[in-house]
Amino acid sequence: MQFTVSQENLVRPLQLVCSIVERRSTLPILSNILLKAQADKLTMTSTDMELEMIATLPVAADEAGETTVSARKLLDIVRALPGSATISFKAKDNKALVQAGKSRFSLATLSADDFPHSEGANYSEQISMPQSALKDLLDETSFAMASQDVRYYLNGLLLERDANQLRAVATDGHRLALGELTTVEAADQKTSVIVPRKAILELGRLLGDTDAEVKLAFSSQQIKVELPDLHFTSKLIDGQFPNYERVLPLGGDKIVLADRDELKQALSRAAILASDKHRSVRLNLETNLIKATVTNQEQETAEEELPVEYTGNSLEIAFNNAYLLDLLAAMPDSKVKMIFSDENSSALITPADEQIHRQYVVMPMRL
């Protein structure tokens, strides 16, 4: 196989494809990417056996064919070349020759026949939406995913289709984030899938703040994401996600309206004195006032007072400050509504605008 392509056209899709390649893999072929040249296009494929990414870009292909080369080495070479460079790639006899100007690199190859391909899936559900809408939905919920929880079904994001709604839910057992958006296509029936954490983080990086379309398709075992010139598939987590609707607190009678930026800044300042082990912040509610207090193991204290809209009874309640800061950072809204019941019950935090469908639940800490 042989093709030529400009450095500036190759570097971006190559970076995306290489992002899921494991640095140390038990199978050497998984450290490689599959290159397939035909007519006027090049297809690059990578996989870690859970995720698969396929990028397509225009090239001048002098000879069709396919091979695999080290993902990291090829990416490092392409990055190091000047943006104006024209790259020539030629593969023959278990070697690949990469040339640009007076630079020449000879790379070892492995047979394309040994490269694993994702199994064909029967995608029954497909929806499309602007990339920015899906990116916002993921950004505003994915922070609450668990990382390495033994309850493996928490190490991912629940995507639920119901009529014209796409709902995203994440929880690590201490907090919960829920968001939803309206889609043009309606689901035939209510369906839900759990997408692994790594796939969600990759997807967040792939999506842009643009109105360009992204397509999602689901099967019983996989999710497929189609972007312009990029296909991304991931296996799903096989498990039962908790009933998140039962976690949403109901009937809270203490309602606080606060400026999101002011509250975030106050909690950030208070967090300066928080110890790494106990990141608790104590909130005291009084009429039109909220006071945040942090005390560390050296008995140092930080206090912040913030004017808010509140007319209920006084309340003292403690939370993990990092959890509050995470959700406030994820919310784009100018004002937030916080609903409390008592010092032992979870708080419900939402945008003050009732039309925006996002809800956050945080469990309290013992005072």
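Residues numbered from 1 in each chain as written. Predicted model: local features only at pLDDT ≥ 70, side-chain atom pairs only at ≥ 80, totals over all residues. Heavy atoms only, no water.

As annotated in an unreviewed UniProt entry, the chain carries the name Beta sliding clamp and comes from Methylophaga frappieri. Under the Sequence similarities (unreviewed entry) heading, UniProt states for the chain: "Belongs to the beta sliding clamp family." The UniProt entry for the chain carries the following comment under Subcellular location (unreviewed entry): "Cytoplasm". (UniProt positions renumbered as here; feature names shortened; annotations may be inferred.)

Caption draft 1: Broad picture of the overall build of the chain. Along its length, the chain carries 6 helices and 25 strands. Principal-axis analysis of the C-alpha atoms places the extent of the chain at approximately 80 × 50 × 35 Å. Each of the 367 residues in the chain was classed as buried or not, and the buried ones make up 50%. Sequence separation of at least 24 residues holds for 67% of the intrachain contacts in the chain that already meet a minimum separation of 6. Surface summary for the chain: the accessible area is close to 18400 Å², and the carbon and sulfur share equals 45%. (Helix = DSSP H or I, 4+ residues; strand = E, 2+ residues; numbered from the N terminus. Buried < 20%, exposed > 50% of the residue type's maximum accessible area, 1.4 Å probe, protein only. Contact = heavy atoms within 4.5 Å. Areas by Shrake-Rupley, 256 points an atom, 1.4 Å probe, with all protein chains shown as cover.)

Caption draft 2: The arrangement of the packing of aromatic side chains in detail. Evaluated as defined, the whole model comprises 4 aromatic pairs. When the ring of Phe3 is compared with that of Phe89, the centres are 5.1 Å apart and the planes differ by 15°; the resulting orientation is stacked. Of this pair, Phe3 sits in strand β1 (residues 2–6) while Phe89 is found in strand β7 (residues 86–92), placing the two residues 86 residues apart along the sequence. One exposure class covers both Phe3 and Phe89, and it is buried. When the centroid spacing of 6.2 Å and the interplanar angle of 45° are considered together, the rings of Phe319 and Phe340 count as tilted. Taken together, the residues Phe319 in strand β22 (residues 315–320) and Phe340 in strand β23 (residues 335–340) connect sequence positions 21 residues apart. Residue Phe340 is classed as buried on the basis of its relative accessible area of 2%. (Phe/Tyr/Trp six-rings, centres within 6.5 Å; stacked < 30°, edge-to-face > 60°.)

Caption draft 3: Representation of the sheet that holds strand β19 (residues 280–286) within the structure. One open sheet holds the 4 strands; their spatial order is β21-β20-β19-β22, and the pairing between them is antiparallel. Pairing within the sheet leaves two strands with one partner each, and these edge strands are β21 (301–307) and β22. In this sheet, adjacent strand axes meet at a mean angle of 20° when their direction is disregarded. Seen against the sheet, helix α5 (residues 260–270) touches β19, β20 (289–295) and β21 and runs at an angle of roughly 170° to β21. (Pairing = 2+ DSSP bridges. Axes fitted to C-alpha atoms, helices over the stretch in contact; angles between N-to-C directions.)

Caption draft 4: Here's a closer look at the UniProt feature "domain: DNA polymerase III beta sliding clamp N-terminal" (unreviewed entry) in the chain. Those places that UniProt annotates as "domain: DNA polymerase III beta sliding clamp N-terminal" (unreviewed entry) correspond, in this numbering, to residues 1–117. Helix makes up 19% of residues 1–117 and strand 50%, and the two end C-alpha atoms of the span are 20 Å apart.

Caption draft 5: Looking closely at the environment of Leu134. Within the element layout of this structure, Leu134 appears in helix α3 (residues 131–139). Given the relative accessible area of 1%, Leu134 is considered buried. The residues contacting Leu134, other than those within four sequence positions of it, are Met129, Leu166, Leu181, Leu207, Val214 and Leu216.

Caption draft 6: Structural detail: the sheet that holds strand β18 (residues 254–259). Strand order in the open sheet made by the 8 strands is β14-β11-β12-β13-β25-β24-β23-β18, with antiparallel pairing throughout. Of all strands in the sheet, those bounded by a partner on one side alone are β14 (191–196) and β18. For this sheet the average axis-to-axis angle between neighbouring strands, irrespective of direction, equals 20°. Here strand β13 (residues 175–182) pairs with strand β25 (residues 358–362) via 5 bridges, running antiparallel. Paired with Arg175 across the two strands is Val362, which belongs to β25. Contacts from helix α6 (residues 321–330) reach β13, β23, β24 (347–351) and β25 within the one sheet, and its direction differs from that of β25 by about 175°.

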